[in-house]
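Chain by chain, the residues run as shown.
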Amino acid sequence: MPNGSNRSPDASWVLTSRLDALHREDRDEFLPLCPDFVIELRSSSDRLPILQAKVREYLSCGAQLGWLIDPQERRVWVYQPGKSVERLEEPASISAEPFMHGFIIDLALIWNPPV
């Protein structure tokens with residue numbers, strides 16, 4: 001990322017125009033950029049403050065949207081530059097509108113995974 005750290009979110013998305021601007025060999029490696037949109041999914045071994053700091057770091061390096069999904073507490077934190085972090089309590093779904101048109105995650109299987 002621009003700050004020199006190497007991070008790997010659980011899921012990410014990069015604008016096509018930014019990918020097209022990279023040299024071909026740079027696209028075959030760990031991308032030398034910060035994603036535009038990142039998702040972190042908290043596992044039982046993750047400490048929440050560490051994940052929150054990680055998502056804030058993505059935003060400070062240029063991400064435009066970040067989600068931290070916490071299945072244990074059934075919460076989602078939404079991060080956007082220049083805005084307060086929004087905490088959602090057990091939402092049924094989450095949408096990336098207007099940043100990513102049509103991208104919606106149904107959280108039912110995350111809140112209630114099959115046994």
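Here, the structure is the one placed above.
First, a word on what this report is: a plain description of the structure on this page. (Residues numbered from 1 in each chain as written. Predicted model: local features only at pLDDT ≥ 70, side-chain atom pairs only at ≥ 80, totals over all residues. Heavy atoms only, no water.)

Remarks on the overall build of the protein chain
(1) Moving on: A tally of regular secondary structure across the protein chain gives 4 helices and 7 strands.
(2) Moving on: Ordered by position from the N terminus, the helices and strands of the protein chain form the series β-α-α-β-α-β-β-β-β-β-α.
(3) Moving on: Here the protein chain holds 115 residues, and 36% of them are scored as buried.
(4) Moving on: Total accessible area on the protein chain stands at roughly 7200 Å², and carbon and sulfur atoms take up 51% of it. (Helix = DSSP H or I, 4+ residues; strand = E, 2+ residues; numbered from the N terminus. Buried < 20%, exposed > 50% of the residue type's maximum accessible area, 1.4 Å probe, protein only. Areas by Shrake-Rupley, 256 points an atom, 1.4 Å probe, with all protein chains shown as cover.)

Some remarks on unusual backbone geometry
(1) Moving on: Residue proline 98 follows glutamate 97 across a cis peptide bond; omega there is -5°.
(2) Moving on: Of note, proline 98 is situated in the loop between strand S6 (93–95) and strand S7 (104–106).
(3) Moving on: Of note, the phi angle at arginine 74 is positive, near 55°, even though the residue is not glycine.
(4) Moving on: Relative to the helices and strands, arginine 74 resides in the loop between strand S3 (65–70) and strand S4 (75–79).

A word on the packing of aromatic side chains
(1) Moving on: Under the defined criterion, the tally for this structure stands at 5 aromatic pairs.
(2) Moving on: Here tryptophan 13 and phenylalanine 99 contribute two aromatic rings whose centre-to-centre distance is 5.7 Å and whose plane-to-plane angle is 90°, an arrangement assigned as edge-to-face. Of this pair, tryptophan 13 sits in strand S1 (residues 11–13) while phenylalanine 99 sits in the loop between S6 and S7, and the two are 86 residues apart along the sequence.
(3) Moving on: Relative to phenylalanine 103, the ring of phenylalanine 37 has its centre 5.7 Å away and its plane inclined at 85°; by these criteria the two rings are edge-to-face. Of the two residues, phenylalanine 37 sits in strand S2 (residues 37–41) while phenylalanine 103 sits in the loop between S6 and S7, which places them 66 residues apart along the sequence.
(4) Moving on: Take phenylalanine 103: its relative accessible area is 28%, and that puts it in the partly exposed class.
(5) Moving on: Following the ring pairs from residue to residue traces out a cluster consisting of Trp13, Phe37, Trp67, Phe99 and Phe103. (Phe/Tyr/Trp six-rings, centres within 6.5 Å; stacked < 30°, edge-to-face > 60°.)

None of the figures reported here should be taken as evidence of function without further support.
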